Amino acid sequence: MSDRIAASLRRLFEEHRIVFWYDADRDMRAEFDAVDLPGVTKLEIASNEFGLKLRILRREAEGKFLLFKDGPEPPMTENWLLDVQLATAVFKADQAAIWLAELGLPLQFEAVVRGHIEFFRSKTRVDALKRLMQPSDTQTQMRLRMLAVCAGAEGGLDTVIESLLGELASGRDDALRLIQRSDLTGFLWTQVAQAYGYQSPEPDFEDFAIALFQSAYARALGEEGALNAEALLVFRRWKNNRHWAEAFEELSARYRDLLNIPKDLAKRDFRTLVAIDHFEEIDRHIIRQIVQAMSSQTVSAPEVLTWVRERRQSHWYPTYEDIYQAIGYATEFQQALAEANLGMTSPAEGVRRYVTSWYKLDQFYRKFIYHMQKSGQASLLADLYTSVENRYTNSFVLAMNDAWQDQIAGLAEWKIHGFAAQADFYRDQAAEYRRKDQKVVVIISDALRYEVAEECLRRIRALDRFDADLKPMISALPSYTQLGMAALLPNNGLAMAEDGSGDILAGGENTKGLVAREKLLAAGRVGDSAKALKAEDVMNMRTEDGKALFRDNHIVYVYHNRIDAIGDKLQTEDKLPEAAEDAIEDLTKLVRKLTSANFSNILITADHGFLYQHRALDDADFAIADPQGEEILFRNRRFVIGRGLAPTPGMKHFRASALGLSGDLDVLIPNSINRMRVKGAGSRFVHGGASLQEVVIPVIRVGKQREADVGQVEVQIFVTGKSLISSGQIAVTLYQAQPVSEKMRARELLVGIYALDGTLISDEYPLTFDFRSENAREREMPRKFLLSREADRFNNQDVVLKLRERVGKTSHYQDYASHRFQLRRGITTDFDF
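Report follows, based on the coordinates.

What counts as what
Residues numbered from 1 in each chain as written. Predicted model: local features only at pLDDT ≥ 70, side-chain atom pairs only at ≥ 80, totals over all residues. Heavy atoms only, no water. Pairing = 2+ DSSP bridges. Helix = DSSP H or I, 4+ residues; strand = E, 2+ residues; numbered from the N terminus. Axes fitted to C-alpha atoms, helices over the stretch in contact; angles between N-to-C directions. Patch = residues over 30% accessible without salt bridge, like charges linked within 9 Å, V, L, I, M, F, W, Y side chains within 5 Å. Areas by Shrake-Rupley, 256 points an atom, 1.4 Å probe, with all protein chains shown as cover. Salt bridge = Lys/Arg side-chain N within 4 Å of Asp/Glu carboxyl O. Lys, Arg positive; Asp, Glu negative; His and termini not counted. Charge placed at Lys NZ, Arg CZ, Asp CG, Glu CD. Buried < 20%, exposed > 50% of the residue type's maximum accessible area, 1.4 Å probe, protein only. Polar contact = N/O pair within 3.5 Å; in protein donor to acceptor, adjacent residues only side chain to side chain. Contact = heavy atoms within 4.5 Å. Parallel < 35°, antiparallel > 145°, perpendicular 65-115°, else oblique. Nonpolar A, V, L, I, M, F, W, Y, C, P; charged D, E, K, R; others polar.

The subject of this paragraph is the sheet that holds strand β22 (residues 715-718). Through backbone hydrogen bonds, the strands of a sheet pair up, either in parallel or in antiparallel fashion. Pairing in this open sheet of 3 strands is antiparallel, and the strands run β22-β24-β28 from one edge to the other. Here the strands that pair on one side only, and so sit at the sheet edges, are β22 and β28 (780-786). Neighbour-to-neighbour, the strand axes of this sheet turn through a mean angle of 30°, independent of strand direction.

What follows is the structure, encoded as structure tokens:
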């Protein structure tokens, strides 16, 4: 501004020797002091008119002078320099005129500037206003932009409201006080009344905020609210904007009880609330009602899964994600159980049906328990947990294994025809690579149950350029660690130690520990170099050490222990579901680590599976009979090793030879899922028996591809009828073209309707397309868009529904898909809803 003043003064001094400057509003002192004009002397008029006249007319009659008076020009009769002034020039530069010039605005905006002088006293605010102003702006639009500057906003009235709500939530009122000092308060409330229908004899912003929450809630339910439909639109935009998430949550919690939301929800059917997320209490109400309906079996699985899918778009979904996940898995469990026929006519059929579909019930149950525990809000799921637990134990695990017991009761030896045996693993699977002169690494994860491995398979397949397949294998019996680990090694026959340790011998040598296992591996094939090591040692290897491991060895066995380490302890067995999740994460990382070390042939298997029930067992779950015999050497919850063991009611008797083992020892296995009492041992997580969950173990083969093979689902826009918007809203269907799978990832989009100049004229939704269903109908996402008042400016023009996608992790978005509509409305927004 000083530059503009100096330029104006220089032009005056080109024609005049003396220039007067009257500061009528006494707000130009700083500018006068800052002006520096070469050859011009600055003097101040301050009751010194005679001395000034003498100096400028007699003593320095050739000099140039700028005469400044701090105040208005005096009346002619009192102006002792009037004769000089009439012969020279007066510089008229009040602050308002300078601000107008700085903003490049014509004189018709002078009233706006003079009416809000305080606003313009800040150079920062003037500069911000200058950036926002458009050549076509009216005085009203200029004031709206001034409001935006005061509120720290960037757009129209809606963004001002958003910023003021943010301040309200944080307990500040800086912007409102600045608006008041700038004499913009009356204008603000006039605009709010016109835009949102807010009326009050004493307008107050918190009163408006309360009305906004109340009206948005009512209108979302299809009821009347104090504010109009435009207010609902502004509320939705603000609520869905991640930047204002904390502010929304704060005010939503603050007004919940004030608006009697819990009482109102109590009288509503939760089905009417599934698309609403204005208050956190709505999610809690929906969860309670769904749980109650599921427990009483009054809702269908497709209905529940639809509701859970809809709630994924809720603002509060991250808070209740684990609760909803638990509900989803409980629903899938109940649906799978209802469809399951747990009968079988042979052991082979039992295994085949388990690995085809029954394993999913174990998986759904485990995932349900995991998310219930992780949520930290198990009380919300108490009734559902009781129902799932009872049905899992009695209707699935017990029923299936009772039927399975009928099949294995007739087995003379432990063999399931048509399925690979654990004792043949090295010869038939690991050594297969060596016969082709290929290197191989085997990961043995302790207690990696088949269903956990299936989830791990999907996680590995989701990695770019990775492929994997899963096949079942039957574990040695008893299904415990020492025997399972030994059976996976090259050997010429195994025997149970007779010292009561439960250890396994190969050629008379103990197979326990890395040294013994590495020795057996090295003897597996003449000339082969072998290595046995722990998974954590591999993960801690530097890149060059990993490549050296590949270079120096033909076969490597890596031992991983997460599930058994947690589950097989009384103090931690309840954390088994979390341990399974961690194991999957560990194995996925381990596979990536090994491939980076040049291993391309990877096998993942287990020593045994396990039985797990989250609830503490009843007495009926324990075997009643006490094993008898010549000598009991070793026992745990699920088996007994001894010499001369007598056939015992409720237990299956095997001679060592029938189990493919050397020696003359006997083994007793409790029928079905029964446990034996062992002091100090846990009973919820057990293994060693012959249940399907314990003996069906996985073999995952992992390979690396040359080409990238992971993509993202496509999303399409479906519009029924003409592409015409003739009211204040438009309904469209967004369709996810492919189901999410291991190789097809979800897509997140921001969806809204825009004018051709880029102006957003509707609400805007952040949407996640992650549907897994093969049913195309279940991958449709209907959405209704409300048009804002801003849309009126673009009536009788084309507008565009845009699906925009975030660029990486930046704040920028790019267009993904779009559909053009004609906007042709014959009446304004408020009447269209």
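That covers the picture; the talk isn't over yet.
This part takes up a positive patch on the surface. On the surface, a cluster of positive charge is made up of Arg465, Arg592, Lys704 and Arg745. Relative to the helices and strands, Arg745 is located in strand β25 (residues 744-745). Take Arg745: its relative accessible area is 42%, and that puts it in the partly exposed class.

Tracing the backbone through its elements, the reader meets Arg366 in helix α20 (residues 347-375). You can call Arg366 buried: its relative accessible area is 2%. Of note is the side chain of Arg366, whose polar atom sits 2.7 Å from the side chain of Glu455. Once residues lying within four places of it in the same chain are set aside, the contact partners of Arg366 are Glu451, Val452, Glu455, Pro577, Ala580 and Glu581.

Moving on, we get to the environment of Val558. As for its position among the elements, Val558 is in strand β12 (residues 555-560). The class of Val558 is buried, set by a relative accessible area of 0%. As for Val558 and Val149, which are separated by 409 residues in sequence, their C-alpha atoms are 63 Å apart. Those residues in contact with Val558 that sit more than four places away from it in its chain are Val441, Val442, Ile443, Ile444, Leu533, Lys534, Ala535, Val538 and Leu590.

Time to look at the packing of α20 against helix α23 (residues 450-461). Packing of α20 against α23 brings their axes to within 8 Å, and their N-to-C directions diverge by 90°. The angle between α20 and α23 places the two elements in the roughly perpendicular class. Within the contact between the two elements, α20 uses Tyr354, Val355, Tyr359, Asp362, Gln363, Arg366 and Lys367 and α23 uses Tyr450, Glu451, Val452, Glu454, Glu455 and Arg458. The class makeup of the residues in the contact of α20 with α23 is 5 nonpolar, 1 polar and 7 charged.

Pairing geometry for strand β5 (residues 420-421) and strand β7 (residues 466-474), over 2 bridges, is parallel. Within β7, the position partnered with Ala420 by the bridge is Met473. By the bridge criterion, 9 bridges tie β7 to strand β20 (residues 696-704) in an arrangement that is antiparallel. Considered in β20, the bridge of Ala468 is made with Val702.

Inspection of the entire model under this criterion finds 65 salt bridges. Between Glu310 and Arg783 there is a salt bridge, with the nearest N and O atoms lying 3.8 Å from each other. With a gap of 473 residues between them, Glu310 in helix α18 (residues 301-311) and Arg783 in strand β28 connect regions that are remote in the sequence. Note on Arg783: relative accessible area 11%, which makes it buried.

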